[in-house]
Amino acid sequence: MNLESVETARKAYAKRLTWQWGIFIAIILILAVLFTANGRIQSVFMLFFYGFIVAFIYLIIMTLANRTIQRNYRRAYKAYFVEQNLKKTFTDLNYNHEAGLSSTLLSLTGMINTGDRYSSNDFTSGKYKDVAFSQADVHIETEYTDSDGDTHYTTIFRGRFMIFEFPKQFNFKLEIVGKRFHAYKKPGKNTKTGQKAEKITTESTEFNKMFRIYGQDSFEAYYILDPAFMVKLMDIATKHKKRVLFAFFENRLIVGLDDGKDSFEPPFAMKQIDEAKETAKIATDIKTITDFVDQLSLDRKLFTK
């Protein structure tokens, strides 16, 4: 895959969009002529009414008609910009932009609300500094019904979950939850030990203001939460506006980053691709993964032995 192939796919998609939007505008103009020719005010309302119906139906048709050509553009972009740059950073790489993290995997932790509507893509796994990880973009929504009986969906998480795996098995569960992380589910009893998690308060007032902390053993929690590590967690939480989750679970550190972003996404097809800009954007998305390993020193002996 090369840049020329990406541009070919982008131009094909852009050409399709151009004539589709041309037809759409022509239809709206025809409706405008038909419903405003006699100058009656009710005709203006009819224009908006029928215009809305036409726009809704036409956008659905466009979306369905463009699925293949859009998929070709996304596949070409991700093969060239995403996968090739991932290979420069990670070993043992496995990348699939159409796959994601299973909602079952997250719900089995007992601490993440996977909502009523769940989607995930851009699954990536590999190793960085010999620390194994997997991650994917995740979008979680909950359903509610308003007073009129209409159903709506509210986003409670949009970002990525990262799972770092260690050779060491933790004999406790520790959850450190940013105060603005909304997809958190308060823990119940540990299914293995039957022990219920308790709320933990640290000696740092600032840390307690940023996080809710739950664990089954406060002594074990303080083994992880030394002052230096707490400062690192606070720095990350500040950067991400407290919309983060850190959970030590079995032999894993699960990180939830609710930043409202979709990583590794191509730009709008109507504009020519700026290779330098896109490479820098993907590098930033990749750095989000490596930053957690680097800033938290996940390759140190505390986590590996």
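Refer to the preceding data block for the structure.
Computed from a predicted structure; not experimentally measured. The residue numbering used here restarts from 1 in each chain and proceeds along that chain's sequence as written. Where totals are concerned, whole chains, interfaces and linings use all residues; where local detail is concerned, this predicted model gives features only for residues with pLDDT of at least 70, and gives and counts side-chain atom pairs only at 80 or more. Only heavy atoms go into the side-chain values, all of them from the structure, while hydrogens and water stay out.

Novice: Help me out: how do you make sense of the overall build of the chain in this one?
Specialist: Numbering of helices and strands runs from the N terminus; a helix is a DSSP stretch of H or I covering at least four residues, while a strand is a stretch of E covering at least two. The secondary structure content of the chain amounts to nine helices and nine strands. Each residue gets one of three labels from its accessible area relative to the maximum for its type: buried under 20%, exposed over 50%, partly exposed in between, using a 1.4 Å probe on protein chains only. Taking all 305 residues of the chain together, 43% fall into the buried category. Each accessible area is a Shrake-Rupley estimate made with a 1.4 Å probe; only the visible protein chains count as cover when residues are assessed. Of the roughly 16,500 Å² of accessible surface on the chain, a fraction of 55% belongs to carbon and sulfur atoms.

Novice: When you look at helix α8 (residues 275-296) in this model, what are you seeing that I'm missing?
Specialist: Note on helix geometry: an α-helix contains 3.6 residues per turn, so any two residues three or four positions apart are oriented the same way. Over its 22 residues, α8 extends 32 Å from the first C-alpha to the last, a length consistent with the 32 Å expected when each residue adds 1.5 Å. Maximum bend of α8: about 35°, positioned at T290. Of the positions making up α8, those classed as buried are E278, I282, D285, I286, T288, I289, T290, D291, F292, V293 and L296. Of the residues flanking the start of α8, the one acting as N-cap is D274, its side-chain oxygen 3.2 Å from the backbone nitrogen of A276. A positive phi of about 50° marks S297, the residue just after α8. The span one expects for a helix is its residue count, reduced by one, times 1.5 Å. Throughout, the bend at a residue refers to the angle made by two axes, fitted to the seven residues ending there and to the seven starting there. Residues adjacent in sequence count toward polar contacts only when both atoms are side-chain atoms; beyond that, a polar contact is any pair of N or O atoms within 3.5 Å, and within protein one must be able to donate a hydrogen and the other to accept it.

Novice: Just to check I follow, could you spell out the pattern of salt bridges for this structure?
Specialist: Side-chain pairing between opposite charges can occur once the charged atoms of the two side chains come close. Salt bridges are defined by distance alone: a side-chain nitrogen of Lys or Arg within 4 Å of a carboxyl oxygen of Asp or Glu. Going through the model one piece at a time under the given rule, you end up with 13 salt bridges. Across the salt bridge formed by R71 and E98, the nearest N and O atoms sit 4.0 Å from each other. Placement of R71 in helix α3 (residues 67-89) and of E98 in the loop between β1 (91-96) and α4 (103-107) is noted, with a sequence separation of 27 residues between them. The exposure class of R71 is partly exposed, given its relative accessible area of 32%. Between K287 and D291 there is a salt bridge, with the nearest N and O atoms lying 3.0 Å from each other. Placement of the pair is K287 and D291 together in helix α8, with a separation of four residues, close to one helical turn. On the accessibility criterion, K287 (46% relative accessible area) is partly exposed. Judged by its relative accessible area of 10%, D291 falls in the buried class. Because the salt bridges share partners, they merge into one network encompassing R74, K78, D122 and E265.

Novice: Honestly, the environment of T279 in this entry has me stumped. Any pointers?
Specialist: Looking at the element boundaries, T279 is found in helix α8. Throughout, a residue-residue contact means that at least one pair of heavy atoms, one from each residue, lies within 4.5 Å. Sequence-distant contacts of T279, that is, excluding residues within four places in its chain, are made with F81 and N85.

Novice: I tried to follow the packing of helix α7 (residues 227-239) against α8 on my own but got confused; where do I start?
Specialist: What describes two packed helices is the angle between their axes and the distance between those same axes. Note on method: axes are straight lines fitted to C-alpha atoms, helices fitted across the in-contact stretch only, with angles between N-to-C directions ranging 0 to 180 degrees. Between α7 and α8, the shortest axis-to-axis distance is 10 Å and the interhelical angle comes to 150°. When the axis of α7 is compared with that of α8, the two are roughly antiparallel. Contacts between α7 and α8 involve F229, K232, L233, I236 and K239 on the former and, on the latter, D291, F292, Q295 and L296. We call Asp, Glu, Lys and Arg charged. Ala, Val, Leu, Ile, Met, Phe, Trp, Tyr, Cys and Pro are nonpolar, and the rest, Gly among them, are polar. Residue composition of the contact of α7 with α8, grouped by class: five nonpolar, one polar and three charged. Orientation categories follow fixed angle ranges, with anything under 35 degrees roughly parallel, anything over 145 roughly antiparallel, 65 to 115 roughly perpendicular, and all other angles oblique.

Novice: Help me understand the sheet that holds strand β7 (residues 211-215) in this model?
Specialist: One key point about sheets: their strands pair by backbone hydrogen bonds, in either a parallel or an antiparallel sense. Taken together, nine strands build an open sheet; the order of strands is β1-β2-β3-β4-β9-β8-β5-β7-β6 and the sheet is antiparallel. Both edges of this open sheet fall to β1 and β6 (198-199), since each of them pairs with a single strand only. In this structure, strand β5 (residues 174-178) lies alongside β7, joined through five bridges in antiparallel fashion. Each bridged residue has a counterpart across the sheet, and for L174 the counterpart in β7 is G215. Pairing between two strands is assigned when DSSP locates at least 2 bridges connecting them.

Novice: What is the right way to look at the packing of α3 against α8 in this model?
Specialist: Taken N-terminus to C-terminus, the directions of α3 and α8 make an angle of 50°; their axes are 10 Å apart at the nearest point. Comparing their axes, α8 and α3 come out oblique. Viewed along their axes, α3 and α8 form a crossing whose handedness is right-handed. The segment α3 lies against α8, with Y77, Y80, F81, V82, N85, L86 and T89 engaging E275, E278, T279, K281, I282, I286 and T290. Partitioned by chemical class, the residues of the contact of α3 with α8 number seven nonpolar, four polar and three charged. Handedness of a crossing follows from how the near helix is turned relative to the far one, being left-handed for an anticlockwise turn of less than a right angle and right-handed for a clockwise one.

Novice: What's the story with the side chain of K78 in this structure? I'm lost.
Specialist: Its location among the elements puts K78 in helix α3. Assessed through its relative accessible area of 0%, K78 is described here as buried. Those residues in contact with K78 that lie beyond four places of it in its chain are E83, Y95, H97, D122, F264, E265 and P266.

Novice: It is not clear to me how the side chain of D285 should be interpreted in this structure. Could you clarify?
Specialist: Residue placement: D285 occurs in helix α8. When charges are counted, neither His nor the chain ends are considered; positive counts come from Lys and Arg and negative counts from Asp and Glu. Here D285 occupies a buried position and makes no salt bridge, while the nearest side chain of opposite charge, R160, is found at 4.0 Å. Here F264 takes part through its backbone nitrogen, which lies 2.9 Å from a polar atom of the side chain of D285. Sequence-distant contacts of D285, defined by excluding residues within four places in its chain, comprise R160, S263 and F264.

The values are spatial; any link to function lies outside them.
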